[in-house]
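# Chain and residue survey
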Amino acid sequence: MMKKSLKQKSIAVGVIFIVALFIGMALMSAVTANKGAANGVDFTPDELQELYRTYNITENDIKFAEGELLYYLEGTILDSDMRVIASETGEPPEGLKEGDYDIVISTAEMFAIIDDARERFMDKYGVDPANPKVDIVDGVPLPKEEVQRLVKSGKIDLADAEPLVGILGGPSEGPHAISGKIYAHIFIAKDDRHNPTEYVTADTSAALCRFEDQFGVDMIWYWYYNYWDASDISPADSCSKALEDLAEDEGGIVNAENDIVIGWLHDMDHNGMAYPDGMWDLNEDGVIDFAPYCVCSDTAAGVDWPHDNIVQHETSHLFNAPDHGYTGPYCVMTYMYAGASWFGDVWCSDCEDTVDDNIWGW
Ligand SMILES: [Zn+2]
Ligand SMILES: [Zn+2]
């Protein structure tokens, strides 16, 4: 069933690189708990307590950020031994046989299960997995508002982390619409280390809707729970290893050029990562394969991006949109905007053209 090389062509290895987001890396070393460093973003224990008071941060908020609370979906079928698929119609994706899944539910049912679990979690801990209040920056729990403020005010220096490593372009051969449709297959990592502890479902849907609104494509999505086991990736926080693992484990779902695959993870080294233009040398044999994979992480070392922006950014890479770096046009491909909660789901006109061409230009 796996059809790895829909579009093969020999090209020199090394021309295409993984597009990575290094924003977390940049911030990791920038914030410490010690007073007195030159960057001006350090906190004494007293100052931290004051911040926690200001933003009503509880012990549970900090425990949640540190992964010390139960997984909020624990006890539901979405965190069980059953392989669950959720689809808009309640029907499995075409081509999947019985035996490839245990149960298929509708996305409405999925949201009902999640909302219920979320409510119970909030009752129990006073923490909303959809709106966690704390980011861990270099081991220090900080209120999200404070982290955003430090980023916005430039107290955290992002200048050294320009990660643009990809050379995109050339004839685009990545995923594209067929009969106006793109199928998005979303895999939630099932292992305890990697299942996203934050609520990502609604944001993912919202991001995919942006492609529908902007480009007029019909995005049909399927959610897969208790399928993808990412426990074997090493190092455990490596997005690039996760990308490989996703392609290896779940690549069988890709059987047409309008399939894309999104993996959701927890606490990784980047906010997300994608194979540019949905093409990659998967087998490391010098042959470029159809590889419409991206991964997203609910939290990343350093500063998290809003989840909807992560999905929009990574999915745009699959349609050949480039990174602009930390500063650049008002665009989801510019890191400072993708990372900002006040940013509103925009592509610059160049990226808009690129994504549009790649979705429709066939
Ligand atoms: Zn990027
Ligand atoms: Zn752009």
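Residues numbered from 1 in each chain as written. Chains lettered and ligands numbered in written order. Predicted model: local features only at pLDDT ≥ 70, side-chain atom pairs only at ≥ 80, totals over all residues. Heavy atoms only, no water.

### Let's talk about the layout of surface pockets
Test applied: With a 1 Å grid laid over protein atoms only, a set of points is called a cavity when a 1.4 Å probe fits there but cannot get out and a pocket when it is open yet has protein on both sides within 12 Å along at least five of seven lines; lining residues have an atom within 4 Å of a point. Grid points are joined across faces, edges and corners, and a volume is the space filled by probe spheres set on the points. Only runs of H or I of at least four residues qualify as helices and only runs of E of at least two qualify as strands under DSSP, and these elements are numbered from the N terminus. Residue classes follow a fixed rule: Ala, Val, Leu, Ile, Met, Phe, Trp, Tyr, Cys and Pro count as nonpolar, while Asp, Glu, Lys and Arg count as charged, and any other residue, Gly among them, counts as polar. Each domain's limits were defined by an automated method or a database of domain assignments.
Its boundaries defined by the atoms lining it, the largest pocket holds a volume of some 360 Å³. Taken together, 19 residues line the largest pocket, and the ones lying closest to its centre are Pro132, Lys144, Trp305, Pro306 and Ser341. At the level of secondary structure, the elements contributing two or more residues to the lining of the largest pocket comprise helix H5 (144-152) and helix H8 (307-318). Looking at the lining of the largest pocket element by element, the count peaks at four residues for H5. Looking at the lining of the largest pocket residue by residue, the class counts come to seven nonpolar, four polar and eight charged. Looking at which domains feed residues into the lining of the largest pocket, each of domain 1 (9-26 + 157-360) and domain 2 (31-68 + 130-152) gives three or more.

### Some words on empty space enclosed by the protein
In total, this model carries two cavities of 30 Å³ or more according to the counting rule given. Looking at the largest cavity, its volume works out to about 40 Å³. Taken as a whole, the second largest cavity encloses approximately 30 Å³ of empty space. The wall of the second largest cavity is formed by Tyr71, Leu78, Asp79, Ile188, Ala189, Lys190, Asn195, Tyr225 and Asn226. Looking at side-chain class alone, the lining of the second largest cavity contains five nonpolar, two polar and two charged residues.

### So, the coordination of the zinc ion (ligand 1)
Four donors placed tetrahedrally about a metal ideally form angles of 109.5 degrees, and six donors placed octahedrally ideally form angles of 90 or 180 degrees. Using the following cut-off: Coordination here is defined by N, O and S atoms within 2.8 Å of the metal (3.2 Å for Na, K and Ca), and since water is not considered, a site can look incomplete. Metal sites are grouped by the angles between bound donors: all angles between 85 and 135 degrees with four donors is tetrahedral, opposite donors over 155 degrees apart with the others between 65 and 115 is square planar for four donors and octahedral for six, and any other pattern is irregular. Exposed residues in this analysis have more than 50% of their type's maximum accessible area, buried residues have under 20%, and partly exposed residues fall in between, with area computed by a 1.4 Å probe over protein chains only.
Around the zinc ion (ligand 1), the protein supplies His313 (NE2), His317 (NE2), Asp323 (OD) and Asp323 (OD) as donor atoms, at distances of 2.0 to 2.7 Å. The site at the zinc ion (ligand 1) holds four donor atoms, and with the angles between them running 53 to 144°, its shape is irregular. In the primary structure, the donors to the zinc ion (ligand 1) are separated according to the pattern H-x3-H-x5-D. A residue pair is termed a helical-turn pair when its members lie 3 or 4 positions apart in one helix, as His313 and His317 do in helix H8 at four residues. Take His317: its relative accessible area is 0%, and that puts it in the buried class.

### A short note on the pattern of salt bridges
The criterion, for reference: Between Lys or Arg on one side and Asp or Glu on the other, a salt bridge is scored when a side-chain nitrogen of the former is within 4 Å of a carboxyl oxygen of the latter.
Counted by the stated rule, this structure contains 11 salt bridges. Put simply, Lys144 and Asp135 hold a salt bridge, and the shortest N to O gap is 3.5 Å. Residue classification places Asp135 among the buried residues on the basis of a relative accessible area of 4%. Of the charged contacts in the structure, one is a salt bridge between Glu146 and Arg149, with a shortest N-O distance of 2.8 Å.

### Regarding the coordination of the zinc ion (ligand 2)
His324 (NE2), Cys331 (SG), Cys348 (SG) and Cys351 (SG) make up the full set of protein donors to the zinc ion (ligand 2), lying at 2.0 to 2.3 Å. For the zinc ion (ligand 2), the four donor atoms are set out with angles of 99 to 115° between them, so the coordination reads as tetrahedral. Sequence spacing of the donor residues for the zinc ion (ligand 2), all on one chain, is H-x6-C-x16-C-x2-C. With a gap of 20 residues between them, Cys331 in the loop between H8 and helix H9 (335-338) and Cys351 in helix H10 (residues 349-360) connect regions that are remote in the sequence.

### Observations regarding the packing of helix H6 (residues 201-215) against H8
Definition in use: All axes here are fitted lines through C-alpha atoms, helices being fitted over the stretch that makes contact, and every angle between N-to-C directions spans 0 to 180 degrees. Roughly parallel here means an angle under 35 degrees, roughly antiparallel means over 145, roughly perpendicular means 65 to 115, and every remaining angle is called oblique. Note on convention: near helix rotated counterclockwise from far helix by under a right angle means a left-handed crossing. Clockwise means right-handed. Residues count as neighbours in contact if any of their non-hydrogen atoms are within 4.5 Å of one another.
Between H6 and H8, the least distance of the axes is 8 Å, while the angle of their chain directions is 45°. Classified by the angle between their axes, H6 and H8 sit oblique to one another. Helix-helix and strand crossings are classified by hand; for H6 and H8 the assignment is right-handed. Residue-level contacts link Asp203, Thr204, Ala207, Leu208, Arg210 and Phe211 of H6 to His307, Asp308, Asn309, Val311, Gln312, Thr315 and Ser316 of H8. When its residues are assigned to classes, the contact of H6 with H8 shows four nonpolar, six polar and three charged.

### Side note on a negative patch on the surface
In plain terms, the rule: Exposure above 30% relative accessible area and no salt bridge define the residues that can form patches, which grow by joining like charges within 9 Å and nonpolar side chains of Val, Leu, Ile, Met, Phe, Trp and Tyr within 5 Å. Every accessible area reported is derived by Shrake-Rupley at a probe size of 1.4 Å, with residue values counting cover from the shown protein chains alone. Two residue types count as positive, namely Lys and Arg, and two as negative, namely Asp and Glu; His and chain ends fall outside the count. Think of each charge as sitting on NZ of Lys, CZ of Arg, CG of Asp or CD of Glu.
A cluster of acidic residues, Asp232, Glu244, Glu248, Asp249, Glu284 and Asp285, forms a negative patch at the surface. When you line up the elements, Glu248 lands in helix H7 (residues 239-250). The exposure class of Glu248 is exposed, given its relative accessible area of 61%.

### A short note on the packing of aromatic side chains
Applicable threshold: Planes of paired rings set the category: under 30 degrees apart is stacked, over 60 is edge-to-face and the rest tilted, where pairs are Phe, Tyr or Trp rings (Trp by its six-membered ring) whose centres lie within 6.5 Å.
Applying the stated criterion across every chain, the model contains 19 aromatic pairs. Taken together, a centroid distance of 4.2 Å and an interplanar angle of 10° make the contact between Phe187 and Tyr224 stacked. Of this pair, Phe187 sits in strand E7 (residues 181-188) while Tyr224 is found in strand E8 (residues 218-225), placing the two residues 37 residues apart along the sequence. Tyr224 carries the same exposure label as Phe187, and that label is buried.

### A look at the pairing of strand E6 (residues 140-143)
Short version of the rule: Note: two strands are recorded as paired if DSSP finds a minimum of 2 bridges between them.
Neither face of E6 is open: one carries Val140 and Leu142, the other Pro141 and Pro143, and all of them are buried. Relative to E6, strand E5 (residues 134-137) runs antiparallel, the two sharing four bridges. Within E6, the residue paired with Val137 across the bridge is Val140. Between E5 and E6, which pair antiparallel in sequence order, lie two residues; one of them, Asp138, sits at a positive phi of approximately 50°.

### Some words on the side chain of Thr76
Rules: As used in this structure description, the phrase polar contact means that two N or O atoms lie within 3.5 Å; if the pair is within protein, one of them must be able to donate a hydrogen and the other to accept it, and residues adjacent in sequence are counted only when both atoms belong to side chains.
One can find Thr76 in the loop between helix H3 (59-65) and strand E3 (84-87). A distance of 2.7 Å separates a polar side-chain atom of Thr76 from the backbone oxygen of Leu73. Excluding residues within four positions of it along the chain, Thr76 makes contact with Ile113, Ala117 and Arg120.

### Things to note about H6
Rules: The length a helix should cover is 1.5 Å for every residue beyond the first.
Counted at 1.5 Å a residue, the expected span for H6 with its 15 residues is 21 Å, and the 22 Å between its end C-alpha atoms agrees. Turning to H6, its buried residues are Thr201, Thr204, Ser205, Ala207, Leu208, Arg210, Phe211 and Phe215.

These figures come from the coordinates and say nothing about function on their own.
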